[in-house]
Amino acid sequence: FLIMQNKLFLYLSVSILLLVSLSIGALFMGVYDFSGKSPLTVLQGVITGNPDVSLSEKYVIWDVRMARIVMAILIGSILAVSGTVMQGMFKNPLATPDLIGITAGATLMAAITIVLGSFFRHLLPDFIQFSLLSIAAFIGALVTTFAVYRMSTTQGKTNVVIMLLSGVAISALGFACTGFLIYLSKDEQLRDLTFWNLGSLGGATWTKNIILAAVMVLAYSLLIHRGKALNAMMLGEKDAEHLGIKVEKIKKQIVVLTALMVGACVAFAGTIGFVGLIVPYILRLIFKSNYQIILPLSAVVGSILLLVADTFSRTVVAPSEIPIGVITAFLGAPVFIAILIRFKKSM
């Protein structure tokens, strides 16, 4: 046990050091010219309140780059941990939050808001109008998860297979409704829907980051130490119960908290796929299926992956931007195919 703890501490330390280095590097990436100043010097001036830092420099370094870097770290971590706990619960390397309809529900509510929002937006208070799209996506994720969970739970016990099939059915229905709304949409609405479906961190703000951080702290306080329980559940739910693991309670926590985490991410950044698939798969190749190591490590490696992808998306065709969902799909599709090839016999 002590050897494993020491290994975990070492791997986490190296991963966090890499994440910090990449974050500093991302600060330097962009088209804005700081007139010969180092972005780190400008950031230090913003933090210390140096009057020599202009408003435009403060805006670019703090409200644009730093806010976006922090959002990439938070969302990457959340999506990776969500995918890891889902794969542990389903005992399936292909399981992701998308499979139980969370993304479809959030996307549908976002599409309804974009296409039909003009009919009811004026009836809502100003503070709700300002963040209506985010609120709608979040509600869509929670409602979908609740519906799937109710369909798959009988007498207090959750059937994972029924949950998976319910999620697939609701996802199909959600994307069909979204497709119909796309058909009805006008040119400007179509651009918004397309951008939303492809994902972007361009709307990063510190308010959104605070909400994401609060969601992450709440979820991680209940999930991040569940590695031992997930290891036991890999043996089978009955065997896990014999070992003293409260399987039903943990399954409920995973479902509800995954909906909360992914719903918040989709609400603020649109659909960003494959992060929850790539990270656990890579870590499982290195550490087998030891979730006591994989689960905490996925929180950091997910941040690294999305930070690199976002830095690439906003710099490779600067000042334009490639939607980050496109980049993660390019990364994730080959991994998905590799998983299928590797596990096709056991599947």
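Quick caveat: nothing in here was measured; it's all calculated off a predicted structure. (Residues numbered from 1 in each chain as written. Predicted model: local features only at pLDDT ≥ 70, side-chain atom pairs only at ≥ 80, totals over all residues. Heavy atoms only, no water.)

K.L.:
Can you help me understand the overall build of the chain in this one?
P.N.:
On a plain count of helices and strands, the chain comes out with 15 helices and two strands. In summary, the chain has a C-alpha radius of gyration of 21 Å against a globular reference of 20 Å for 347 residues, a match within 12%. Within the chain, buried positions represent 49% of all 347 residues. Carbon and sulfur atoms make up 70% of the accessible area of the chain, which totals about 17,200 Å². Positive and negative side-chain charges of the chain, numbering 25 and 15 respectively, have mean locations separated by a distance of 14 Å. (Helix = DSSP H or I, 4+ residues; strand = E, 2+ residues; numbered from the N terminus. Rg over C-alpha atoms; globule rule 2.2 N^0.38 Å. Buried < 20%, exposed > 50% of the residue type's maximum accessible area, 1.4 Å probe, protein only. Areas by Shrake-Rupley, 256 points an atom, 1.4 Å probe, with all protein chains shown as cover. Lys, Arg positive; Asp, Glu negative; His and termini not counted. Charge placed at Lys NZ, Arg CZ, Asp CG, Glu CD.)

K.L.:
Looking at this model, I keep getting lost on the pattern of salt bridges. Mind explaining?
P.N.:
A pair can form between side chains of opposite charge whenever their charged atoms are brought close. A complete count under the given rule lists five salt bridges for this structure. The partner of Glu-248 in a salt bridge is Lys-251, with the nearest N and O atoms 3.3 Å apart. Placement of the pair is Glu-248 and Lys-251 together in helix H12 (residues 247-269), with a separation of three residues, close to one helical turn. What makes Glu-248 buried here is its relative accessible area of 13%. Each of Arg-68, Asp-310 and Glu-321 takes part in salt bridges that share partners, so that together they form one network. (Salt bridge = Lys/Arg side-chain N within 4 Å of Asp/Glu carboxyl O.)

K.L.:
Can you help me understand the packing of aromatic side chains in this one?
P.N.:
We describe a pair of aromatic rings using the distance from one ring centre to the other and the angle between the two ring planes. Summed over the entire model, instances satisfying the criterion amount to three aromatic pairs. Ring centres of Tyr-32 and Phe-34 lie 4.9 Å apart, and the angle between their planes is 70 degrees; on these two criteria the pair is classed as edge-to-face. Take Phe-34: its relative accessible area is 4%, and that puts it in the buried class. (Phe/Tyr/Trp six-rings, centres within 6.5 Å; stacked < 30°, edge-to-face > 60°.)

K.L.:
Can you help me understand the side chain of Thr-311 in this one?
P.N.:
Structurally, Thr-311 is set in helix H14 (residues 291-315). Judged by relative accessible area, which is 13%, Thr-311 ranks as buried. Other than its neighbours up to four places away in sequence, Thr-311 contacts Ala-26 and Met-29. (Contact = heavy atoms within 4.5 Å.)

K.L.:
Help me understand H12, please; the structure alone is not making it clear to me.
P.N.:
An α-helical turn contains 3.6 residues, so a residue and the one three or four places further along point in the same direction. Its 23 residues give H12 an end-to-end C-alpha distance of 32 Å, which sits within 8% of 33 Å, the value for a rise of 1.5 Å per residue. Within H12, 20 of the 23 residues are buried, which leaves it mostly tucked inside the rest of the structure. Phi turns positive one or two residues past the end of H12, at Gly-270, with a value near 75 degrees. (Expected span 1.5 Å × (residues − 1).)

K.L.:
Sorry, what's going on with the packing of helix H13 (residues 275-287) against H14 here?
P.N.:
With their axes 9 Å apart at the nearest point, H13 and H14 run at an angle of 130 degrees to one another. It follows from the interaxial angle that H13 and H14 lie oblique. Along this stretch, H13 crosses H14, giving a crossing that reads as right-handed. Across the interface between the two elements, Val-275, Ile-278, Val-279, Leu-283, Arg-284 and Phe-287 of H13 pack against Tyr-291, Ile-293, Ile-294, Leu-297, Ser-298, Val-301, Gly-302, Leu-305 and Leu-306 of H14. (Axes fitted to C-alpha atoms, helices over the stretch in contact; angles between N-to-C directions. Parallel < 35°, antiparallel > 145°, perpendicular 65-115°, else oblique. Left-handed = near helix turned anticlockwise from the far one by under 90°.)

K.L.:
Please clarify how H13 should be interpreted in this entry.
P.N.:
With 13 residues, H13 should reach 18 Å at 1.5 Å per residue; the first-to-last C-alpha distance of 18 Å fits that figure. Counted residue by residue, H13 has 10 buried out of 13 residues, so it is predominantly covered. Those residues of H13 that fall on the buried side of the exposure criterion are Val-275, Gly-276, Leu-277, Ile-278, Val-279, Pro-280, Tyr-281, Leu-283, Arg-284 and Phe-287. Among the residues trailing H13, Lys-288 stands out with phi positive, at a value near 60 degrees.

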